[in-house]
Amino acid sequence: MDIKITPAKLKGKVNIPSSKSMTHRMLICAALSEGTSSITNITFSKDIYATIDALTALGAEITVDENTVTVKGISQKNHKADIDCCESGSTLRFIIPIACALGTDATYYGQGRLPERPITPYIRELGKKNIRFDYNNTMPFTTSGKLSSGKFELEGNISSQFITGLMFALPLLNGDSEIVMTSALESKPYADMTVKCLENFGIEISETENGYYIKGNQKYIPQNMAVEGDYSQAAFFYVANVLGSDLEICNLETDSYQGDKKIVEIIDNLCYNDRKSPEGFKVNAMDIPDLVPILAVLGTYCENSSVITGAQRLKIKESDRLLTTSEALNNLGGKVEVTGDGLCIHHAKLDGGIVDSCGDHRIAMSAAIAATICSSEVIIKNAESVEKSYPDFFKDYSNLGGITDVITLE
């Protein structure tokens, strides 16, 4: 699906969808609980359905009713499971150690770029703890065996999803375990979110000087909880406001553990010149990689150059996000350069043009926000990619005054 956007500012109240990151975590904790949990205020997307299907394959009983999911925890684990992670890296990396802790022999499937995304730390560390991988650098692949407790050593510059996956699984084991970080942990706010979610479901994780200590034989306690709003999705509308829109952004918690809440601080700290335009910014995106595409849009609007560093891991997301972000904005008349670990963004007046999302939801949504300051129409190719995280994005965009038309190919 391609969408044509006629430039217009946005105005009104927008209710931000629920946090995808926290929804994954709550659903998994509920599925591992001994009893029934109710998780409300869920915004469904392809990634969330992938996690629901994965948990069902492992033996959880899950019922969906509007924006509420009722989860009866896994009481009779399945000995074998086929797990389709679709394009969700979170689903894949969270579920692998859980299946291994349950002793479920699992086959994993995926789409898009997911088969290319590495699982090397699991192969190395779980392989030392009784797990066998039949893996040839793609999908499908299989795991078998029952995970044993102990020490798990992980590099800090890998995705925090590996740490989260182990945090879910290790409390289920008979013995105590330790996650040892061999270097500083990037994207630590995501690990903090996991610790907080686990705590809500009765699981104790102790942070140590160089990692985490996790007692074995713990039991997840079912809960009834609501999911908070998603700051990574709110970031698009925060930037839209800087670009001249007039939006009231709702459904967010000010005391959230989400790392992407950083968008509020970045915008609050912008310096403005006599023309009331922001002068530019420098941001290390090590802990906030999902904000990079929309921050690049903000940088294009700033009067002076802006610099984003610490974003090298974006090369293995749904697209090579450093490359696709720069190409998207440059196709609209921007001046964005890819550096060794990020982007250098120069001020430019955007003309309009054609952007290929490359199947990446954050590129599509960033292009739509950029369109609000373009001088002519913007066409976003493969705009359906927003279904991965924010299926109603273009509906909300239109309700706020955005002018959109679906292009039907003859």
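A few points on the structure.

Conventions we followed
- The numbers attached to residues start from 1 for each chain and follow its sequence in the written order.
- Where totals are concerned, whole chains, interfaces and linings use all residues; where local detail is concerned, this predicted model gives features only for residues with pLDDT of at least 70, and gives and counts side-chain atom pairs only at 80 or more.
- Calculation of side-chain values draws on the structure's entire complement of heavy atoms; hydrogens and water are dropped beforehand.
- In this description a helix means any DSSP run of H or I spanning at least four residues, a strand means any run of E spanning at least two, and both kinds are numbered starting from the N terminus.
- Only C-alpha atoms enter the radius of gyration, while the globule expectation follows 2.2 Å times N to the 0.38, with N the number of residues.
- Here's how the labels work: a residue is buried when its accessible area is under 20% of the maximum for its type, exposed when over 50%, partly exposed in between, all with a 1.4 Å probe on protein chains only.
- The method behind every accessible area is Shrake-Rupley, applied with a 1.4 Å probe, and residues are considered shielded solely by the protein chains displayed.
- For the charge count, each Lys or Arg is scored as positive and each Asp or Glu as negative, with His and the chain ends excluded.
- All charge positions are set by atom: Lys at NZ, Arg at CZ, Asp at CG, Glu at CD.
- Given the number of residues in a helix, its expected span is that number minus one, multiplied by 1.5 Å.
- A residue's bend is the angle separating two fitted axes: one through the seven residues that end there, the other through the seven that start there.
- By nonpolar core we mean a set of buried residues, namely Ala, Val, Leu, Ile, Met, Phe, Trp, Tyr and Cys, connected to one another through side-chain atoms within 4.5 Å.
- A contact between two residues is defined here by any heavy atoms of the two lying within 4.5 Å.
- Any pair of nitrogen or oxygen atoms within 3.5 Å is treated as a polar contact; in protein, a donor-acceptor pairing is required on top of that, and neighbouring residues in sequence qualify only through side-chain atoms on both sides.
- Classification of ring pairs rests on two measures: the distance between centres of Phe, Tyr or Trp rings, Trp counted by its six-membered ring, which must be within 6.5 Å, and the angle between planes, read as stacked under 30 degrees, edge-to-face over 60 and tilted in between.
- Paired strands, as defined in this entry, are two strands with at least two bridges between them according to DSSP.
- In this analysis, axes come from line fits to C-alpha atoms, helices being fitted only over the stretch in contact, and the angle between any two N-to-C directions falls in the range 0 to 180 degrees.
- When an angle is under 35 degrees it counts as roughly parallel; over 145 it counts as roughly antiparallel; between 65 and 115 it counts as roughly perpendicular; any other value is oblique.
- The sense of a crossing depends on the near helix, which, turned anticlockwise from the far helix by less than a right angle, makes the crossing left-handed and, turned clockwise, makes it right-handed.
- Each residue is assigned to one class: nonpolar for Ala, Val, Leu, Ile, Met, Phe, Trp, Tyr, Cys and Pro, charged for Asp, Glu, Lys and Arg, and polar for all the others, Gly among them.

Observations concerning the overall build of the protein
Helix and strand counts for the protein stand at 12 helices and 22 strands. Taken against the 2.2 N^0.38 rule, which gives 22 Å for 410 residues, the C-alpha radius of gyration of the protein at 21 Å falls within 12% of a compact globule. Dimensions along the principal axes, computed over C-alpha positions, put the protein at roughly 65 × 45 × 40 Å. Residue burial in the protein is summarised as follows: out of 410 residues, 57% are buried. Carbon and sulfur atoms make up 45% of the accessible area of the protein, which amounts to about 16,200 Å² in all. Each charge class in the protein was averaged separately, 38 positive and 53 negative side chains, and the resulting centres sit 3 Å apart.

Notes on helix α3 (residues 89-102)
In this model, α3 (14 residues) spans 20 Å end to end at C-alpha, consistent with the 20 Å of a helix rising 1.5 Å per residue. Helix geometry: α3 is bent most strongly at I95, by close to 30 degrees, with proline P97 lying one to four residues after it. Burial runs high along α3: 14 of the 14 residues are buried. At the C-terminal side of α3, G103 shows a positive phi close to 80 degrees.

So, the nonpolar core
If you look at the biggest cluster of nonpolar residues, it comprises 74 residues, and the most contacted ones within it are I83, I96, Y108, L126, M167 and I179. Counting residues per element, this core draws most heavily on α3, which supplies nine residues. Ignoring sequence-local partners within four residues, the contact set of I83 consists of A54, A57, L58, I95, A106, T107, Y108 and Y109.

What to know about the side chain of T23
With respect to the secondary-structure elements, T23 resides in helix α1 (residues 20-31). Relative accessible area serves as the criterion here: at 0%, T23 is assigned to the buried category. Among the polar contacts made by the side chain of T23, one reaches the main-chain carbonyl oxygen of S19 at a distance of 2.6 Å. Discounting residues that sit within four places of it in the chain, T23 has contacts with S18, I42, I48 and V227.

Looking at the packing of aromatic side chains
Both the distance between ring centres and the angle between the ring planes are used here to describe each pair of aromatic rings. Applying the stated criterion across every chain, the model contains 12 aromatic pairs. Judged by centre distance (5.6 Å) and plane angle (75 degrees), the ring pair of F94 and F168 falls under edge-to-face. Placement of the pair is F94 in helix α3 and F168 in helix α5 (residues 160-169), with a sequence separation of 74 residues. In this structure, F94 and F168 share a single accessibility class: buried. Judged by centre distance (6.4 Å) and plane angle (65 degrees), the ring pair of F394 and Y397 falls under edge-to-face. Within this pair, F394 and its partner Y397 are both found in helix α12 (residues 393-399), separated by three residues, close to a single helical turn.

Quick look at the sheet that holds strand β3 (residues 36-40)
Strand order in this open sheet of four strands is β4-β5-β3-β14, and the pairing throughout is mixed. Both edges of this open sheet fall to β4 (61-65) and β14 (224-226), since each of them pairs with a single strand only. Going from strand to strand, the sheet's axes swing by 15 degrees on average, the running direction of each strand aside. Relative to β14, β3 runs parallel, the two being bridged by three bridges. Opposite T40, over in β14, you have A226 as the bridge partner.

Notes on the packing of helix α10 (residues 321-331) against helix α11 (residues 361-370)
One can describe the packing of α10 onto α11 by two numbers: an axis separation of 10 Å at closest approach and a directional angle of 25 degrees. Classified by the angle their axes make, α10 and α11 are roughly parallel. Considering only the axes of α10 and α11, their crossing is right-handed. For the pair α10 and α11, contact is made by R321, T324, T325, A328 and L329 and by H361, R362, I363 and A370, respectively. The residue makeup of the contact of α10 with α11, split by class, is four nonpolar, three polar and two charged.

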